[in-house]
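Okay, here's what each chain looks like letter by letter:
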Amino acid sequence: MSRVQQVGCSFCREFNAASEESRFYNLFHGEIKRRFLWETENFVVVPGIGHLQKGYVLIRSKDHYQSIAFLPLNLTQELAALRLDVITNIETIFGGNIICFEHGAVAPDLRGAACTEHLHLHILPCPSLRPTLREAVNLRPVEDLSSLGEYVARREPYILYGERTELFSFESQYLPKQFMRRRVAAALGRPGDWDWREGVNERGQATEPEIIETVKLIEQHKKKS
Ligand SMILES: [Zn+2]
Ligand SMILES: [Zn+2]
């Protein structure tokens, strides 16, 4: 199947690269033979760089979309199901409360606290951020991921935050870059570690041993089940 790609997008290049050119493969010094932890028709799951916590993963779309707000309806349904599956797996393998978030970009010039511009949903074990977010921003319940399309219509960047059963969104135009990673890093007691770029060396390799641990534990779990 031919895929919608964006020239200059590092993830699109990654997704279509031969394995030896794969940034993901090289990130892990060739230790991980498979490039994705889980895969569905339109999405893949990869470990999160700037590994704030064991069990930190990202869901990414195979086609180039800037954020969930741009997905067609059938893909929001596929993503909603995958989100629950990944949360269940991460909870089973790593334990604790599982949260997810997206820095939702709506246009190249309106990135809204985004960290990269190819759709990615962060999922990881972390204490609930709801109480502190509620104090800082206006949380709006999200019944269905397809409703995020409203932000595109309004050209308003957003942040999606959720736990297993509930999802919320809020406007992010005036929030700092990697806003949610800053919040998560603080909640995990490592406030200095919010910038994911710190987790990669000058050759683009992941420097964090915890990432390998995360991948190994997930692969072991998959063999058992
Ligand atoms: Zn892309
Ligand atoms: Zn992000």
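This text follows the structure it describes.
Keep in mind the model is a prediction, meaning the values are calculated, not measured.

Rules and cut-offs
Residues numbered from 1 in each chain as written. Chains lettered and ligands numbered in written order. Predicted model: local features only at pLDDT ≥ 70, side-chain atom pairs only at ≥ 80, totals over all residues. Heavy atoms only, no water. Helix = DSSP H or I, 4+ residues; strand = E, 2+ residues; numbered from the N terminus. Buried < 20%, exposed > 50% of the residue type's maximum accessible area, 1.4 Å probe, protein only. Contact = heavy atoms within 4.5 Å. Areas by Shrake-Rupley, 256 points an atom, 1.4 Å probe, with all protein chains shown as cover. Polar contact = N/O pair within 3.5 Å; in protein donor to acceptor, adjacent residues only side chain to side chain. Phe/Tyr/Trp six-rings, centres within 6.5 Å; stacked < 30°, edge-to-face > 60°. Lys NZ or Arg CZ within 6 Å of the ring centre and 35° of its normal. Core = buried A, V, L, I, M, F, W, Y, C linked by side-chain atoms within 4.5 Å. Expected span 1.5 Å × (residues − 1). Pairing = 2+ DSSP bridges. Salt bridge = Lys/Arg side-chain N within 4 Å of Asp/Glu carboxyl O.

For the protein, the helix and strand inventory stands at 7 helices and 8 strands. Looking at the protein as a whole, 53% of its 225 residues qualify as buried. Taking all contacts inside the protein whose residues are at least 6 apart in sequence as the whole, residues at least 24 apart take part in 66%. Summing over all exposed atoms, the protein offers an accessible surface of approximately 10600 Å²; the carbon and sulfur share of this is 49%.

Here we come to the side chain of Ser-169. Position of Ser-169 relative to the elements: it lies in strand β8 (residues 167-171). Looking at Ser-169, its side chain comes within polar contact range of the side chain of Tyr-151, at 2.7 Å. Here Ser-169 is in contact with Asn-138, Leu-139, Arg-140, Val-142, Leu-148, Tyr-151, Ile-159 and Leu-160, once residues within four sequence places are set aside.

As a further point, take the packing of aromatic side chains. Enumeration over the complete set of coordinates arrives at 2 aromatic pairs. Centroid distance Phe-170 to Phe-179: 6.1 Å. Interplanar angle 75°. Geometry classified as edge-to-face. Phe-179 matches Phe-170 in its accessibility class, with the two residues each being buried. Between Arg-134 and the ring centre of Phe-168, over which it is positioned, the NZ or CZ distance is 5.9 Å.

Another point: the environment of Ile-99. For Ile-99, the position within the fold is in strand β4 (residues 98-104). Residue classification places Ile-99 among the buried positions, given a relative accessible area of 0%. The residues contacting Ile-99, other than those within four sequence positions of it, are His-122, Ile-123, Leu-124, Cys-126, Pro-127, Ser-128, Leu-129, Tyr-161, Gly-162, Glu-163 and Val-184.

This part covers the nonpolar core. In this structure, Ile-59, Ile-68, Val-86, Ile-123, Leu-148 and Leu-160 are the most contacted members of the largest nonpolar core, which totals 35 residues. Sorting the residues of this core by element identifies β2 (43-47), β3 (57-61), α3 (73-94), β4, β5 (120-125), β7 (158-162) and α7 (209-224) as the ones contributing at least two each. Residue contributions to this core peak at 7 residues, all from α3. Residues Leu-129, Ile-159, Phe-170 and Phe-179 belong to the second largest nonpolar core, which totals 26 residues.

This part covers α7. In a regular helix each residue adds 1.5 Å, so 16 residues correspond to 22 Å; α7 covers 23 Å between its end C-alpha atoms and thus fits that length. All of the buried residues in α7 are Ile-211, Ile-212, Thr-214, Val-215, Ile-218 and His-221. Each element contacted by the buried residues of α7 is listed here: β1 (38-39), β2, β3 and α3.

Time to look at the sheet that holds β8. Spatial ordering of the open sheet is given by β1-β2-β3-β5-β4-β7-β8-β6, a layout of 8 strands whose pairing is antiparallel. Two strands bound the open sheet, and with one partner strand each, they are β1 and β6 (140-141). Judged from the 4 bridges that link them, β3 and β5 form a sheet pairing that is antiparallel. What sits directly across from Arg-60, in β5, is His-120.

Along the chain, His-64 falls in the loop between β3 and α3. By relative accessible area, which is 11% here, His-64 ends up buried. Engagement of the side chain of His-64 in a polar contact is seen with the side chain of His-118, the distance being 3.2 Å.

Quick look at the pattern of salt bridges now. Evaluation of the coordinates by the stated rule reveals 8 salt bridges. Linking Arg-140 and Glu-150 is a salt bridge whose minimum nitrogen-to-oxygen distance equals 4.0 Å. Taken together, the residues span a long stretch of sequence, with Arg-140 in strand β6 and Glu-150 in helix α5 (residues 149-153) at a distance of 10 residues. What makes Glu-150 partly exposed here is its relative accessible area of 42%. Among the salt bridges present, the one from Asp-193 reaches Arg-190, with a minimum N-O distance of 2.8 Å. For Asp-193, a relative accessible area of 34% corresponds to the partly exposed category. Within this structure, Arg-140, Glu-150, Arg-154 and Glu-156 form a network of salt bridges that share partners.

With that settled, the discussion passes to helix α6 (residues 179-187). Residues Phe-179, Met-180, Arg-181, Val-184 and Ala-185 constitute the buried set of α6. Each element contacted by the buried residues of α6 is listed here: β4, β5, α4 (130-136), β7 and β8. Immediately beyond the C-terminal end of α6, within one or two residues, lies Gly-189, with a positive phi of roughly 75°.

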